[in-house]
Amino acid sequence: NIWIIVEHTDGVIKDASFEAINAGKMLAWNSGGGAVTAVVPSAGQTVPMDALIHHGADKVLTLKHDALAHYTNAAYLAALIPCIEEKKPDIILIPATSHGKDLAPALAAKLGAALATDCISLETDAAGGLKVKRPIYAGKAIATLTFDNASIKILTLRPNVFRGEGPDSSRKGELEEYAATIP
């Protein structure tokens, strides 16, 4: 069960989100299956949900609340945490944009989840664990991290690394709305 937190501005989906969906699709395929869910925080903006499905999402989950019109860490956390605790995804992929780099560590801390940032490679190992590679020491070395299946894993993905082949307009998917409650 792989989730991608979709980043958009005024209904225009950022390319890094499509790349994250592609990475999630490849990870699900390599691990023998699993659902890829694109999570769209929204205040009712018109976001092209079919584009998310055409790029590889099996499902689009829209979190709706007026406070989600623009990115704020507090509003996104308040909307995402109850939904994550209810639906229990295994892996959450977030583009390593300025918003993603702000959201991912806060989300991991609140959920007690494992976190790897700026990932450039994702794969499953023979035991079913997740292995990621990420640059360290200003890109002079590559670290390989292995996660067990004990907790939620949150990964930020470096932009321009996980580009796919493009949209497949024959893909079909499911749409779901989730009414977020933000105090």
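Just so it is clear, the model here is predicted, and its values are computed rather than measured.

1. Some words on empty space enclosed by the protein
- One pass over the full model with this rule turns up 1 cavity of 30 Å³ or more.
- If you add up the space inside the largest cavity, you get close to 30 Å³.
- Ala 16, Glu 19, Ala 20, Pro 95, Leu 157, Arg 158, Pro 159 and Phe 162 are the residues that line the largest cavity.
- Among the elements that line the lining of the largest cavity, the one with the most residues is helix 1 (residues 15–30), at 3 residues.
- Considered class by class, the residues forming the lining of the largest cavity number 6 nonpolar, no polar and 2 charged.

2. Topic: the layout of surface pockets
- Taken as a whole, the largest pocket holds about 230 Å³ of empty space.
- Asp 15, Phe 18, Glu 19, Asn 22, Lys 25, Met 26, His 55, Asn 160, Arg 163, Gly 164, Glu 165 and Gly 166 together form the lining of the largest pocket.
- For the lining of the largest pocket, the per-class residue count stands at 2 nonpolar, 5 polar and 5 charged.

3. Comments concerning the nonpolar core
- In this structure, Ile 4, Leu 52, Leu 93, Leu 122, Val 132, Leu 155 and Leu 157 are the most contacted members of the largest nonpolar core, which totals 31 residues.
- Among the secondary structure elements, those contributing two or more residues to this core are strand 1 (2–5), helix 1, strand 4 (36–42), helix 2 (49–54), strand 6 (91–95), strand 7 (114–119), strand 9 (130–136) and strand 11 (153–157).
- In terms of residue count, the dominant contributor to this core is helix 1 (6 residues).
- With near-sequence residues (within four places) excluded, Leu 155 lies in contact with Ile 91, Ile 92, Leu 93, Ile 94, Ala 116, Cys 119, Leu 122, Leu 130, Val 132 and Phe 147.
- In terms of nonpolar packing, the next biggest core, distinct from the first, is built from 29 residues, Leu 68, Tyr 76, Cys 83 and Ile 154 among them.

Analysis parameters
Residues numbered from 1 in each chain as written. Predicted model: local features only at pLDDT ≥ 70, side-chain atom pairs only at ≥ 80, totals over all residues. Heavy atoms only, no water. 1 Å grid on protein atoms, 1.4 Å probe; cavity = no way out; pocket = protein on both sides within 12 Å on 5 of 7 lines; lining within 4 Å. Points joined across faces, edges and corners; volume = space filled by probe spheres on them. Helix = DSSP H or I, 4+ residues; strand = E, 2+ residues; numbered from the N terminus. Nonpolar A, V, L, I, M, F, W, Y, C, P; charged D, E, K, R; others polar. Core = buried A, V, L, I, M, F, W, Y, C linked by side-chain atoms within 4.5 Å. Buried < 20%, exposed > 50% of the residue type's maximum accessible area, 1.4 Å probe, protein only. Contact = heavy atoms within 4.5 Å.

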